[in-house]
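These are the residues of each chain, in order.
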Amino acid sequence: VAEVAEVAEVAPPPAVRAGGSYRPNLLFTEQVVDESWEVEVHPTVLAQLRTLVKDVLVYDVVEALRVAQALKQRELDERWKGHAVREMELKAQHTLRLKACQGNIAQQESAVQVRQKQVLQLQREKMALESTILSELDGVMVEQQTLLQGAGVPLMEPSRETAAIEAQRHVRSPV
């Protein structure tokens, strides 16, 4: 009886997948700001940034946003891991079912059909969870942009455009 092909490893959540098609658009990443990034920043913006570096309120806002983002990422990672654990448990149950009905082809075929349905359902749930995670991370990013804009950080405005987000990460780095 043929088994359903599955990936044995638990894939990391979409927010931390390396080399994947999705790169999370969060302002506070663990990446090091690339010094080779070339953009002309208007002298007025640089002056504003120098002033903001000394502003305790802006520092507190940035730190609060970092903490809130870390908590949200941890929550989403736990939801992703919970789904992965469920997948592994169902696979283990399937293996036990197959062992229990050795020699009975009809029962084995039934167990494989049940497993195929489970795999399809798990794939749909995983896609829905991934979509939810990405949506929530996008919401966190927009909240960060809005709060930093309200704190007077130059060039900060809600945007989902990759170029704008990269510019905001670089502007945010001195703050």
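Since the structure is predicted, the reported quantities are computational estimates derived from the model, not experimental observations. Every chain begins its residue count from 1, and numbering advances along the sequence as written. Given that the model is predicted, a residue must reach a pLDDT of at least 70 before its local features are reported, and side-chain atom pairs must reach 80 or more before they are shown or counted; all residues, however, enter totals for whole chains, interfaces and linings. With hydrogens and water set aside, each side-chain value is computed from the structure's full complement of heavy atoms.

## Looking at the overall build of the protein
Put simply, the rule reads: Comment: elements are numbered from the N terminus, with helices defined as DSSP H or I runs of at least four residues and strands as E runs of at least two. Exposure categories follow from relative accessible area, calculated using a 1.4 Å probe and restricted to protein chains: below 20% of the type maximum is buried, above 50% is exposed, and the middle band is partly exposed. Where accessible areas are quoted, they stem from the Shrake-Rupley method and a 1.4 Å probe; at the residue level, only the protein chains shown are allowed to cover.
Looking only at helices and strands, one finds four helices and zero strands in the protein. The N-to-C order of helical and strand elements in the protein reads α-α-α-α. By residue count, 30% of the 175 residues in the protein fall in the buried class. With an accessible surface of roughly 11,200 Å², the protein has 55% of that area assigned to carbon and sulfur atoms.

## Considerations on the side chain of Q145
Stated precisely, the cut-off is as follows: Residues adjacent in sequence count toward polar contacts only when both atoms are side-chain atoms; beyond that, a polar contact is any pair of N or O atoms within 3.5 Å, and within protein one must be able to donate a hydrogen and the other to accept it.
Locating Q145 in the fold gives a position in helix α3 (residues 105–150). A distance of 2.7 Å separates polar atoms of two side chains, one belonging to Q145 and the other to Q168.

## Let's talk about α3
Put simply, the rule is: Working rule for helices: expected span equals 1.5 Å times residues minus one.
In a regular helix each residue adds 1.5 Å, so 46 residues correspond to 68 Å; α3 covers 67 Å between its end C-alpha atoms and thus fits that length. The residue sitting at the N-terminus of α3 and contributing the capping side-chain oxygen is N104; that oxygen lies 3.2 Å from the backbone nitrogen of A106. Directly after α3, the chain includes G152, whose backbone phi takes a positive value near 90°.

## Concerning the packing of helix α2 (residues 56–100) against α3
Note the cut-off: Orientation is described by lines fitted to C-alpha atoms, with helices fitted over the stretch in contact, and by angles between N-to-C directions that extend from 0 to 180 degrees. For this classification, under 35 degrees means roughly parallel, over 145 means roughly antiparallel, 65 to 115 means roughly perpendicular, and everything else is oblique. Three classes are used, and their members are as follows: Ala, Val, Leu, Ile, Met, Phe, Trp, Tyr, Cys and Pro are nonpolar, Asp, Glu, Lys and Arg are charged, and the others, Gly among them, are polar.
Running from N to C, α2 and α3 cross one another at 180°; their axes reach a closest spacing of 10 Å. When the interaxial angle is binned, α2 and α3 end up roughly antiparallel. Considered class by class, the residues forming the contact of α2 with α3 number 17 nonpolar, eight polar and 12 charged.

## Looking at the nonpolar core
Heads up, the rule is: We call a set of buried residues a nonpolar core when its members are Ala, Val, Leu, Ile, Met, Phe, Trp, Tyr or Cys and they connect through side-chain atoms within 4.5 Å of each other.
Residues L52, V58, V62, L65, L148, V153 and M156 constitute the largest nonpolar core, which totals seven residues. For this core, the element with the highest residue contribution is α2, accounting for three residues. W80, L129, I133 and L137 belong to the second largest nonpolar core, which has five residues in total.

## Focus: the confidence of the model for the protein
Just so we agree on the cut-off: pLDDT: the predictor's confidence for each residue, scored from 0 to 100. The contact criterion used is simple: two residues touch if any of their non-hydrogen atoms lie within 4.5 Å.
Looking at the protein, the pLDDT average stands at 78 and 74% of residues meet or exceed 70. Note on residues 15–23: pLDDT under 50 across the span, and 12 contacts to partners over four residues away in sequence or across chains. A low-confidence stretch, residues 30–35 stays under pLDDT 50, and its non-local contacts, those more than four residues away or across chains, total six contacts.

## Focus: the environment of K126
Tracing the backbone shows K126 in helix α3. Distance from K126 to A84, taken between C-alpha atoms, is 8.9 Å for residues 42 residues apart in sequence.

## A few points about the pattern of salt bridges
Heads up, the rule is: Here, a salt bridge means any Lys or Arg side-chain nitrogen found within 4 Å of an Asp or Glu carboxyl oxygen.
The tally for this structure, following the rule as stated, stands at seven salt bridges. For K72, the salt bridge is made with E75, and the minimal N-O distance between the two is 3.6 Å. Of this pair, K72 and E75 both sit in helix α2, three residues apart, which is roughly one turn of that helix. One continuous salt-bridge network, built from bridges that share partners, spans K72, E75, R79 and E136.

## Quick look at α2
Its 45 residues give α2 an end-to-end C-alpha distance of 66 Å, which sits within 8% of 66 Å, the value for a rise of 1.5 Å per residue. Turning to α2, its buried residues number three or more, namely V58, V62, L65, Q69, L76, W80, H83, A84, L90, H94 and L98. If you follow the buried residues of α2, they end up packed against α1 (43–53) and α3.

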